[in-house]
Amino acid sequence: MDAEATTFTWTPSRIIQVPLRILMGVRFSQQSMSEHSLQQKLIAEFVGTFFLALTICTAAVHGSAGEYAPFAIAATLMVMIYGVGHISGAHFNPAVTVAIWLRGACDKDDVAPYIAVQIIAGALAALASENILFAETSVTALEMDTTQAIGAEFLYTFALVFVILNVATSDATEGNGYYGAAISFVVLAGALTVGGISGGSFNPAVTGALFVSGVVDVADLWIHLVPQLIAGILAVQAFKATQ
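About the cut-offs
Residues numbered from 1 in each chain as written. Predicted model: local features only at pLDDT ≥ 70, side-chain atom pairs only at ≥ 80, totals over all residues. Heavy atoms only, no water. Helix = DSSP H or I, 4+ residues; strand = E, 2+ residues; numbered from the N terminus. Contact = heavy atoms within 4.5 Å. Areas by Shrake-Rupley, 256 points an atom, 1.4 Å probe, with all protein chains shown as cover. Salt bridge = Lys/Arg side-chain N within 4 Å of Asp/Glu carboxyl O. Buried < 20%, exposed > 50% of the residue type's maximum accessible area, 1.4 Å probe, protein only. Patch = residues over 30% accessible without salt bridge, like charges linked within 9 Å, V, L, I, M, F, W, Y side chains within 5 Å. Axes fitted to C-alpha atoms, helices over the stretch in contact; angles between N-to-C directions. Parallel < 35°, antiparallel > 145°, perpendicular 65-115°, else oblique. Left-handed = near helix turned anticlockwise from the far one by under 90°. Nonpolar A, V, L, I, M, F, W, Y, C, P; charged D, E, K, R; others polar.

S.K.: How would you summarise the overall build of the protein if you had to cite specific residues and measurements?
M.R.: Along its length, the protein carries nine helices and two strands. Listing every helix and strand of the protein by position from the N terminus yields β-β-α-α-α-α-α-α-α-α-α. The long-range share in the protein, meaning contacts at least 24 apart out of those at least 6 apart in sequence, stands at 82%. If you sum the accessible surface of the protein, you get close to 10000 Å²; carbon and sulfur atoms cover 64% of it.

Structure follows, in structure tokens:
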């Protein structure tokens, strides 16, 4: 079975709140996260990032969901955020982890292990999608206009991180039950809007999965990674400036 590669998608996210009080409403505080060991947090990050990347590679890269791929990706992201956010913060994204740390809502000692697990989970998900879910695959590397792709990855990574900081780490929105939906809708909007321009990654772990899948060439990795990391850092500054 041949599958045509279309790319887009997305990426992933972060949070510190949970649905409990009145239909969904209690915040994932640093205290609740500190109750879990680093091992538990890393397992949660692995599971969330793995299924996010698996959905991206299966639905978008290998085309199982066709034009509905962005919706499958956003849905997977949302349920994983609500599922493990109270354990690890549900970053699933190195750019988000760095931003959350710079914002002061992530322990410095968690940063490197989180990023390592996210990258590994993304790579393994790409391999699982290609070797377990499909008998045969046919993937064409994404051809990107450098300026347009950098712009797309920068703008929507900025939007993603800025929204995460505001809905999941701000005291002003503490107790909200919409954080997971808000984060996922940023990814959905980005995938639909610029997926055809840059692949719609907004996430270094997803870019790693796209690389393993053969969608992004090694020479083009910087077109994703540089704007993603810069956008995350600038989003922290924008967040702090608005508080």
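S.K.: Can you tell me about the pattern of salt bridges, naming the residues and giving the values?
M.R.: Think of it this way: side chains of opposite charge can pair up when their charged atoms draw near. In the structure shown here, the tally under the stated rule is one salt bridge. Where D110 meets K41, a salt bridge forms, and the shortest distance between an N and an O atom there is 3.2 Å. Of this pair, D110 sits in helix 5 (residues 108-132) while K41 sits in helix 2 (residues 38-61), placing them 69 residues apart in sequence. An identical accessibility class is assigned to D110 and K41; each is buried.

S.K.: Account for the environment of A90, naming residues and giving values.
M.R.: Looking at where A90 falls in the secondary structure, it is placed in the loop between helix 3 (69-88) and helix 4 (94-103). Look at A90 and you get buried, because its relative accessible area is 0%. Taking the C-alpha atoms as reference points, A90 and K41, 49 residues apart in sequence, are found 8.9 Å from one another.

S.K.: Account for a nonpolar patch on the surface, naming residues and giving values.
M.R.: There is a patch of nonpolar side chains on the surface, built from I120, L124, L127, F211, V212 and V218 and spanning about 500 Å² of accessible area. Listed by contribution, the elements that provide at least two residues to the nonpolar patch are helix 5 and helix 8 (204-213).

S.K.: Give me the lowdown on the packing of helix 2 against helix 8, citing residues and values where you can.
M.R.: In contact at an axis separation of 10 Å, helix 2 and helix 8 are set at 45° when each is read in the N-to-C sense. In terms of orientation, helix 2 lies oblique with respect to helix 8. Our pair here, helix 2 against helix 8, has a crossing hand that is right-handed. Two secondary-structure elements touch here, helix 2 through T49, L52, A53, I56, C57 and V61 and helix 8 through A205, V206, A209, L210 and S213. Looking at side-chain class alone, the contact of helix 2 with helix 8 contains nine nonpolar, two polar and no charged residues.

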